[in-house]
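# Results of the structural survey
One letter stands for each residue in the lines below.
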Amino acid sequence: MNRLIIIIFTFMAMSTCGLHAQNMNVQCEDTCQHIHGIDLSHYQGNVFWEAVGQNAKMAYVYLKATEGGDNIDDKYAKNIDLAHRYGLKVGSYHFYRPKIEQQKQLQNFMAQCRPSDQDLLPMIDIETRSGLPVEEFRDSLFKFLKMVEKAYRQKPLIYTGANFYDHYLCGLLDEYKLMIAQYTDYEPRLRDNRDIDMWQYSAKGRINGVNGYVDKSRFMGNHRLREIRFRHQ
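Structure report, in brief. What you are looking at is a predicted structure, and each value in this text was computed from that prediction instead of being measured.

The rules behind the values
- All residue numbers refer to positions counted from 1 along the written sequence of the respective chain.
- Reporting of local features is limited, given that this is a predicted model, to residues whose pLDDT is at least 70; pairs of side-chain atoms are given and counted only at 80 or more, and all residues count toward the totals for whole chains, interfaces and linings.
- Heavy atoms throughout the structure, all of them, feed into the side-chain values; hydrogens and water do not.
- Note on ring pairs: Phe, Tyr and Trp rings are taken, using the six-membered ring of Trp, and paired if centres are within 6.5 Å. Classes follow the plane angle, with under 30 degrees stacked, over 60 edge-to-face and the rest tilted.
- Per the convention used, a helix needs a DSSP run of H or I reaching at least four residues, while a strand needs a run of E reaching at least two, with both numbered from the N terminus.
- Only protein chains enter the accessibility calculation, which uses a 1.4 Å probe. A residue is then buried if its area is under 20% of the maximum for its type, exposed if over 50%, and partly exposed in between.
- Throughout this description, the term charge over a ring refers to an Arg CZ or Lys NZ atom that lies within 6 Å of the ring centre and within 35 degrees of the ring normal.
- Among buried residues, those of type Ala, Val, Leu, Ile, Met, Phe, Trp, Tyr and Cys that are joined through side-chain atoms within 4.5 Å constitute a nonpolar core.
- Contacts are assigned to residue pairs with any non-hydrogen atoms lying within 4.5 Å of each other.
- Here, strands pair whenever DSSP counts at least two bridges between them.

### Some points on the packing of aromatic side chains
The tally for this structure, following the rule as stated, stands at 8 aromatic pairs. Aromatic pair Tyr 96 and Phe 144: ring centres 4.8 Å apart, planes at 25°, arrangement stacked. Here Tyr 96, found in the loop between β4 (89–95) and α5 (102–112), pairs with Phe 144, found in helix α6 (residues 134–152); they are 48 residues apart in sequence, far enough to count as distant. Both residues of the pair, Tyr 96 and Phe 144, count as buried. Aromatic ring contacts, followed pair by pair, group Phe 109, Tyr 152 and Phe 230 into a single cluster. Just above the ring of Tyr 176 sits the side chain of Lys 155; from NZ or CZ to the centre is 5.1 Å.

Here it is, written out as structure tokens:
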């Protein structure tokens, strides 16, 4: 009888392991009905956009355009042209450096992120205080966000991590749409319980056409792509 029990438990363990192995390649977009997308920069190298465009589960892409006052992503111009050519809705983002003069950063971003090329709201990537005191960082950031809004005649989408938001931006971004990065199996919940429009749920996603890992995101709840459309005026 004991031997029979051992055999049964061994079989169950093997079955569970097998199921786990099969699920290792199952990704979020394979198991839900949310609207999914990716973001890319020069870190992904040369992208085979025809293959990316054939993936019906990826509706949009955010491309890194600039960082700070003079850094331009060297794949941006090629990526945005090919992403459009193969049918994706495209947005562009700027990595914000709080210590660098805001006007210089805006000029850098606007020289690359031309309104005529955009399908989606410009996105500002906020991940660092650059050593500034919290209030000084906030003053720097919100001055820049207002400048971006004035230049593009619409509020930018904000990208940041859940922990960074909770520590430095909690309760301050109610007027802005949010993409929150949190690489867990459960949906992010911010300390102020505010609504999250988009969730970047993986930095290690896979997709045909991109060698190596890619960041993947999706819309939360009933949010839809039309909510972040670039308004051409």
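### Here's the deal with the nonpolar core
Grouped together as the largest cluster of nonpolar side chains are 47 residues, with contacts concentrated most on Leu 40, Trp 49, Val 61 and Ile 124. Ignoring anything within four residues of it in the chain, the contact list for Leu 40 reads Val 47, Trp 49, Val 61, Tyr 62, Leu 63, Lys 64, Tyr 93, Val 210 and Val 214. If you look at the next biggest cluster of nonpolar residues, it comprises 14 residues, including Leu 157, Met 198, Phe 219 and Leu 225.

### Concerning the environment of Leu 120
As for its placement among the helices and strands, Leu 120 is situated in the loop between α5 and β5 (123–125). The sequence separation of Leu 120 and Ser 92 amounts to 28 residues, and the corresponding C-alpha distance is 7.7 Å.

### With respect to the pairing of strand β9 (residues 214–219)
Each regular strand carries side chains that alternate between the two faces of the sheet. Within β9, 6 of the 6 residues are buried, which leaves the element mostly enclosed by the surrounding structure. By the alternation rule, side chains of β9 split into Val 214, Lys 216 and Arg 218 and Asp 215, Ser 217 and Phe 219, which are all buried. One ladder, built from 4 bridges, connects strand β1 (residues 36–40) with β9; its direction is antiparallel. Across the sheet, the residue bridging to His 36 is Arg 218, located in β9.

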